[in-house]
Amino acid sequence: MDSDITAGGAVVTGAGRGLGKEIARLLVERGHLVLVTDIDEATAQATAAELGDRAIARALDVRDHAAVVAACEDVVARAGRLDVWVNNAGVIVTGPAWEQDDATRRLMIEVNALGTINGTIAALTAMRGPDGAGGGHVVNIVSLAGLSAVAGEAVYAASKHAAIGFSLSTMADLRAAGVRNIDISCICPDGIWTPMLYDKLDDPAAALSFSGKLLQPADVVDAVRKVLDKPRLVTAVPPLRGALARFGATFPAFSLAVAPVFVKKGRRTQRKLVKAHGLRPDR
């Protein structure tokens, strides 16, 4: 889609760096006034400055519903309406759930699941408007971990299952309420070579995130572009890995049986990357 000067506002959470930054760039190119949000205000400001005069910055903790609503109201006041909201902010901490403390488990659940819920609700309120004549698109960046079991990422997977369950159920509620001009699309990517994985090269519990061909941010941005042009409830990136995840969810015993094979493959990839980047793994 070519840049459209009549485009309204857009919000991207977790947009200070990595994938979120590139999604914000896409939305600027499409003509939106983009609110770049991140828990790190300096990072958000730097990204907005890089993206130009159609990007503005705001510090945002997606766990804080009042702050999320305020961010939404800010962009509506500036742009006149909200067209797109992208819930991208996410946190991953690997390892068995019983080895993680309460604060760590709560962080993942609140950022990944509650943050997605907060952003979606704020966006829907703005998009529906007082007369329901608005419209818009919510894009939730989930994960293949939202589709199937992931060894070493139990709480993370739980948070992503919650995000996709909420998204699809909310779409059902919108349609049941007769709302046809608002869409919710879930993007479920495999491991992406972004800062979220940079410090996981020496982490055996993160091996499954490295068991496929690592995606580049551009791969996921392209998926976002496609759903903005043609909404789709769930898009797995890449499709084959998505099919494997869905198969594993349908036949969980089989998934658990073959998981060690993918873990070993992921560890080999980690070691190759460690060698390429000059890092030394713990084991």
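Look a little higher up for the structure.
Residues numbered from 1 in each chain as written. Predicted model: local features only at pLDDT ≥ 70, side-chain atom pairs only at ≥ 80, totals over all residues. Heavy atoms only, no water.

## Points about the overall build of the protein
Link 1 in the chain: For the protein, the helix and strand inventory stands at 9 helices and 7 strands.
Link 2 in the chain: In terms of overall dimensions, the protein has C-alpha extents of about 55 × 40 × 40 Å along its principal axes.
Link 3 in the chain: Split into buried and exposed, the 283 residues of the protein put 51% on the buried side.
Link 4 in the chain: A separation threshold of at least 6 residues defines the contact pool for the protein, and within that pool the share at least 24 residues apart is 67%.
Link 5 in the chain: Total accessible area computed for the protein in this model is approximately 13100 Å², and 57% of it derives from carbon and sulfur atoms.
Link 6 in the chain: Treating the 32 positive side-chain charges of the protein as one cloud and the 30 negative ones as another, the clouds have centres 9 Å apart. (Helix = DSSP H or I, 4+ residues; strand = E, 2+ residues; numbered from the N terminus. Buried < 20%, exposed > 50% of the residue type's maximum accessible area, 1.4 Å probe, protein only. Contact = heavy atoms within 4.5 Å. Areas by Shrake-Rupley, 256 points an atom, 1.4 Å probe, with all protein chains shown as cover. Lys, Arg positive; Asp, Glu negative; His and termini not counted. Charge placed at Lys NZ, Arg CZ, Asp CG, Glu CD.)

## Things to note about the pairing of strand E7 (residues 234-237)
Link 1 in the chain: Of the two faces of E7, the one carrying Val 234 and Ala 236 and the one carrying Thr 235 and Val 237 are both buried.
Link 2 in the chain: Bridge analysis of strand E6 (residues 182-189) against E7 gives 4 bridges, and the strand direction is parallel. For Cys 186, the partnering residue across the bridge sits in E7 and is Val 234. (Pairing = 2+ DSSP bridges.)

## Concerning the packing of aromatic side chains
Link 1 in the chain: Within this structure, the stated rule accounts for 2 aromatic pairs.
Link 2 in the chain: Both rings, one in Phe 247 and one in Phe 251, keep their centres 4.9 Å apart while their planes meet at 45°; by these two values the pair is tilted.
Link 3 in the chain: According to the relative accessible area criterion, Phe 247 is partly exposed, its value standing at 40%.
Link 4 in the chain: Between Phe 247 and Phe 254 the ring centres are 5.5 Å apart and the planes differ by 90°, which places this aromatic pair in the edge-to-face class.
Link 5 in the chain: On the accessibility criterion, Phe 254 (45% relative accessible area) is partly exposed. (Phe/Tyr/Trp six-rings, centres within 6.5 Å; stacked < 30°, edge-to-face > 60°.)

## Topic: the pattern of salt bridges
Link 1 in the chain: Scanning the model with the defined rule gives 14 salt bridges in all.
Link 2 in the chain: The partner of Arg 25 in a salt bridge is Glu 22, with the nearest N and O atoms 3.0 Å apart. With Arg 25 and Glu 22 both in helix H1 (residues 18-29) and 3 residues apart, the pair spans about one turn of that helix.
Link 3 in the chain: Classification of Arg 25 by relative accessible area gives partly exposed; the value is 25%.
Link 4 in the chain: For Glu 22, a relative accessible area of 26% corresponds to the partly exposed category.
Link 5 in the chain: Between Arg 78 and Asp 74 there is a salt bridge; the shortest N-O distance is 2.8 Å. Taken together, the residues span about one helical turn, with Arg 78 and Asp 74 both in helix H3 (residues 65-79) at a distance of 4 residues.
Link 6 in the chain: On the basis of relative accessibility, which here comes to 16%, the residue Asp 74 falls in the buried class. (Salt bridge = Lys/Arg side-chain N within 4 Å of Asp/Glu carboxyl O.)

## Some remarks on H1
Each α-helix winds once per 3.6 residues, and so residues spaced three or four apart point in a common direction.
Link 1 in the chain: With 12 residues, H1 extends 17 Å between its outermost C-alpha atoms, agreeing within 8% with the 16 Å of an ideal straight helix rising 1.5 Å per residue.
Link 2 in the chain: Counting buried positions over the 12 residues of H1 gives 9, a clear majority of the element.
Link 3 in the chain: Positive backbone phi, at 100°, marks Gly 31, one or two positions downstream of H1. (Expected span 1.5 Å × (residues − 1).)

This is a description of form; function is not addressed.
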